[in-house]
Amino acid sequence: MLTLPKLIATDIDGVWTDGGMYYDQKGNEWKKFNTYDSAGVLFARKLNIPIAIITGEDTEIVRRRAAKLKVDHLFMGVENKLIVLSELCRELNISLSEVAYIGDDINDIEILKNVGFSACPSSAPDYIKELVTIICSKKGGEGVFREFVETILENNRVKQILLL
């Protein structure tokens, strides 16, 4: 059985979003987030498990979403996600084996190989699916982060506690 992680970390594009980048005629960028993912953050918070977003993107859109959900740790514009996650683990006095991570693409590979529990959306490429502990049934942008967190909770038989 999977033990409860001490940190849940996530990519954004392709996980919390469908991976699309939308622009209007004035050049403003848009991203669509699924509100179901906010429940994943709330469930983790109830169990005092911090959430970290680690993304290569550096946009105000992601900053605002993380602030709205009161995400514990936000790292944007990251080139080497494993280095950032390793440093965060040192700060939190935990090991990579105590981290659960969900990602979907090339820049997530090293983290997926090194954490204790890993996942990807069903929309991830096959070479990512081959690396992870579980392949979620949902695609990126369809509430896959919530599915990931609920899977962790179900494996630890704590989901029912959260719903009371």
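Residues numbered from 1 in each chain as written. Predicted model: local features only at pLDDT ≥ 70, side-chain atom pairs only at ≥ 80, totals over all residues. Heavy atoms only, no water.

Taking an unreviewed UniProt entry as the reference, the protein chain is identified by name as HAD-IIIA family hydrolase belonging to Capnocytophaga gingivalis. The Subunit (unreviewed entry) comment attached to the protein chain in UniProt states, word for word, "Homotetramer." (UniProt positions renumbered as here; feature names shortened; annotations may be inferred.)

Q: Which residues make up the overall build of the protein chain, and what values do they have?
A: For the protein chain, the count of helices and strands is seven helices and eight strands. Taking 2.2 N^0.38 as the reference for a compact globule, 164 residues should give roughly 15 Å; the C-alpha atoms of the protein chain span a radius of gyration of 15 Å, in line with that estimate. When the 164 residues of the protein chain are sorted by exposure, 52% land in the buried category. A sequence separation of at least 24 residues applies to 53% of the contacts in the protein chain between residues at least 6 apart. When the accessible surface of the protein chain is split by element, carbon and sulfur atoms take 49% of a total near 8,600 Å². (Helix = DSSP H or I, 4+ residues; strand = E, 2+ residues; numbered from the N terminus. Rg over C-alpha atoms; globule rule 2.2 N^0.38 Å. Buried < 20%, exposed > 50% of the residue type's maximum accessible area, 1.4 Å probe, protein only. Contact = heavy atoms within 4.5 Å. Areas by Shrake-Rupley, 256 points an atom, 1.4 Å probe, with all protein chains shown as cover.)

Q: Which residues make up the pairing of strand S6 (residues 99-102), and what are the values?
A: Of the two faces of S6, the one carrying Val 99 and Tyr 101 and the one carrying Ala 100 and Ile 102 are both buried. Looking at chain direction, strand S1 (residues 7-10) and S6 are connected through four bridges and run parallel. Following the sheet pairing, Ala 9 is matched in S6 by Tyr 101. As paired elements, S6 and strand S7 (residues 117-120) share three bridges and run parallel to each other. Note on S7: the bridge partner recorded for Ile 102 is Ala 119. (Pairing = 2+ DSSP bridges.)

Q: Can you break down the sheet that holds strand S4 (residues 51-54) residue by residue, with the values?
A: Strands sit in the order S5-S4-S1-S6-S7-S8 across an open sheet of six strands; the sheet is parallel. Here the strands that pair on one side only, and so sit at the sheet edges, are strand S5 (73-75) and strand S8 (134-135). Bridge count for S4 against S5 is three bridges, and the pairing is parallel. Its bridge partner lying in S5, Ile 53 is registered against Leu 74.

Q: An account of the nonpolar core is requested, with residue identities and associated values reported.
A: With 30 residues, the main nonpolar core has Ile 8, Trp 16, Ile 51, Ile 102, Phe 145 and Phe 148 as its most contacted residues. When contributions to this core are tallied by element, the ones reaching two or more residues are helix H1 (36-46), S4, helix H2 (60-68), S6, S7 and helix H6 (144-155). Among the elements that line this core, the one with the most residues is H6, at six residues. Every residue in contact with Phe 145, bar those within four places of it in the chain, is listed here: Ile 8, Thr 10, Trp 16, Asp 37, Gly 40, Val 41, Ile 51 and Ile 102. (Core = buried A, V, L, I, M, F, W, Y, C linked by side-chain atoms within 4.5 Å.)

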